[in-house]
Amino acid sequence: MRHLWSFLAGLVVAPVTWVLVTLGQDGSAGTVDRWVEIGTSNSANLIEPAVYLAVGGILLGLLGTLRTSPLGPLVAGLLLAAPYVGMFVAPFEVRDRIPDGWKVFGDPLPLHLPVENGTLFLIGLLLLVATFSGQRWRRWPRPATEPTPAPAEGPERSDFTLTDWPPAEPADRDTAPPSLGYPDPTPTEPLPRRTGGGSPWSAPPRAGNRPEEDTTTEIR
């Protein structure tokens, strides 16, 4: 599809460029001749022909440099260089076939002028040379999609915030909260009972069940 659009662009740009170059060259040459005739100059008189030449140069630059398709500059180059090449074979017939007497915005349009001075031949060769550029036959490279890096996990993460802390686990409901001034309501294990009618406030029993020594003396 891009070759078709480039081909159509070459068919349009070639005659438009011919007209613009003709208007620019004829206006510039007529202005300079008028300056020489009257002996003074006014730069404002060159604005109109300069605009024609600038527009023609922009069109040729876009057609010859953009990497759309080589068919556009190839077709435009052949169309623009063909009249001058025909002058080598049949100069009078070629000149007679060029339209004469046309006007644009009231200004005369001598289309034979850029053919006779070789301007169209020069432009045509420039476009033909641009056709043989190897880069023009290739499509524009598409940007490679870079893989999205996976988010880091664990301590390597740099975007760790306070909100990333895990929620605190709920306290055990069976555990009573600590209090001040009140005894622990949890019952404790009872103390071991003493045997033999001992007082509970006496010393605790000894480790062994050794009988106490009889300190009384036997009376004989």
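For the structure given in this document, a descriptive report is provided here. Position labels on residues start from 1 in each chain and follow its written sequence. The predicted origin of the model limits local features to residues at a pLDDT of at least 70 and limits the giving and counting of side-chain atom pairs to 80 or more, whereas totals for whole chains, interfaces and linings rest on all residues. Values shown for side chains rest on all heavy atoms present in the structure; no hydrogens or waters enter the calculation.

1. Structural notes on the overall build of the chain
No. 1: Looking only at helices and strands, one finds six helices and two strands in the chain.
No. 2: In sequence order, the chain lays out its α and β elements as α-α-α-α-β-β-α-α.
No. 3: Throughout this description, buried means an accessible area under 20% of the type-specific maximum (1.4 Å probe, protein chains only), exposed means over 50%, and partly exposed covers the range between. Out of the 220 residues in the chain, the part that is buried amounts to 23%.
No. 4: The contacts of the chain with a sequence gap of at least 6 include a subset with a gap of at least 24, amounting to 76%.
No. 5: Residue-level accessible areas treat just the shown protein chains as cover; the underlying method is Shrake-Rupley with a 1.4 Å probe. Put simply, the chain shows about 18200 Å² of open surface, and 62% of that area lies on carbon and sulfur atoms. Each helix is a run of H or I in the DSSP string that is no shorter than four residues. Each strand is a run of E no shorter than two, and both are numbered from the N terminus. What makes two residues a contact is simply this: any of their non-hydrogen atoms within 4.5 Å.

2. Let's talk about the packing of helix α1 (residues 2-38) against helix α3 (residues 71-89)
No. 1: Running from N to C, α1 and α3 point in directions that differ by 30 degrees, and their axes come no closer than 7 Å. As the angle between them shows, α1 and α3 are arranged roughly parallel. Note that α1 runs across α3; the crossing there is right-handed. In contact with H3, S6, F7, G10, L11, A14 and W18 of α1, α3 contributes L71, G72, P73, V75, A76, L79, L80 and P83.
No. 2: Amino acid classes used here: Ala, Val, Leu, Ile, Met, Phe, Trp, Tyr, Cys and Pro are nonpolar; Asp, Glu, Lys and Arg are charged; the rest, including Gly, are polar. Residue classes in the contact of α1 with α3 are distributed as 11 nonpolar, four polar and no charged. To obtain each axis, a line is fitted to C-alpha atoms, and for helices this fit is confined to the stretch in contact; angles are then taken between N-to-C directions over 0 to 180 degrees. For classification purposes, an angle smaller than 35 degrees is called roughly parallel, one larger than 145 roughly antiparallel, one from 65 to 115 roughly perpendicular, and anything else oblique. A clockwise turn of the near helix away from the far one marks a right-handed crossing, whereas an anticlockwise turn of less than a right angle marks a left-handed crossing.

3. Overview of the packing of aromatic side chains
No. 1: Under the pairing criterion, centres of Phe, Tyr and Trp rings, with the six-membered ring standing for Trp, must be within 6.5 Å; the plane angle then separates stacked pairs below 30 degrees from edge-to-face pairs above 60, leaving the rest tilted. Applying the stated rule across the entire model yields two aromatic pairs.
No. 2: Pairing Y84 with F88 gives two aromatic rings, centres 5.8 Å apart and planes at 80 degrees, and the pair type is edge-to-face. A residue pair is termed a helical-turn pair when its members lie 3 or 4 positions apart in one helix, as Y84 and F88 do in helix α3 at four residues.
No. 3: Classification of F88 by relative accessible area gives exposed; the value is 65%.
No. 4: Three or more aromatic residues joined by ring pairs form one cluster here, namely Y84, F88 and F121.

4. What about the nonpolar core?
No. 1: The biggest cluster of nonpolar side chains holds 19 residues, and the ones touching the most others in it are W18, L60, L80, I123 and L127.
No. 2: Those elements that place two or more of their residues in this core are α1, α2 (47-65), α3 and α6 (119-131).
No. 3: With six residues, the top contributor of residues to this core is α1.
No. 4: Ignoring anything within four residues of it in the chain, the contact list for W18 reads P83, I98, L111, P114, V115 and L120. Among buried residues, the Ala, Val, Leu, Ile, Met, Phe, Trp, Tyr and Cys ones that are joined through side-chain atoms within 4.5 Å form a nonpolar core.

5. Focus on the pattern of salt bridges
No. 1: For salt bridges, the criterion is a side-chain nitrogen of Lys or Arg within 4 Å of an Asp or Glu carboxyl oxygen. Inspection of the entire model under this criterion finds two salt bridges.
No. 2: The salt bridge involving R34 is made with E37; its shortest N-O contact spans 3.6 Å. With R34 and E37 both in helix α1 and three residues apart, this pair spans about one turn of that helix.
No. 3: By relative accessible area, R34 is classed as partly exposed at 46%.
No. 4: Look at E37 and you get exposed, because its relative accessible area is 61%.
No. 5: Among the salt bridges present, the one from R95 reaches E116, with a minimum N-O distance of 2.5 Å.

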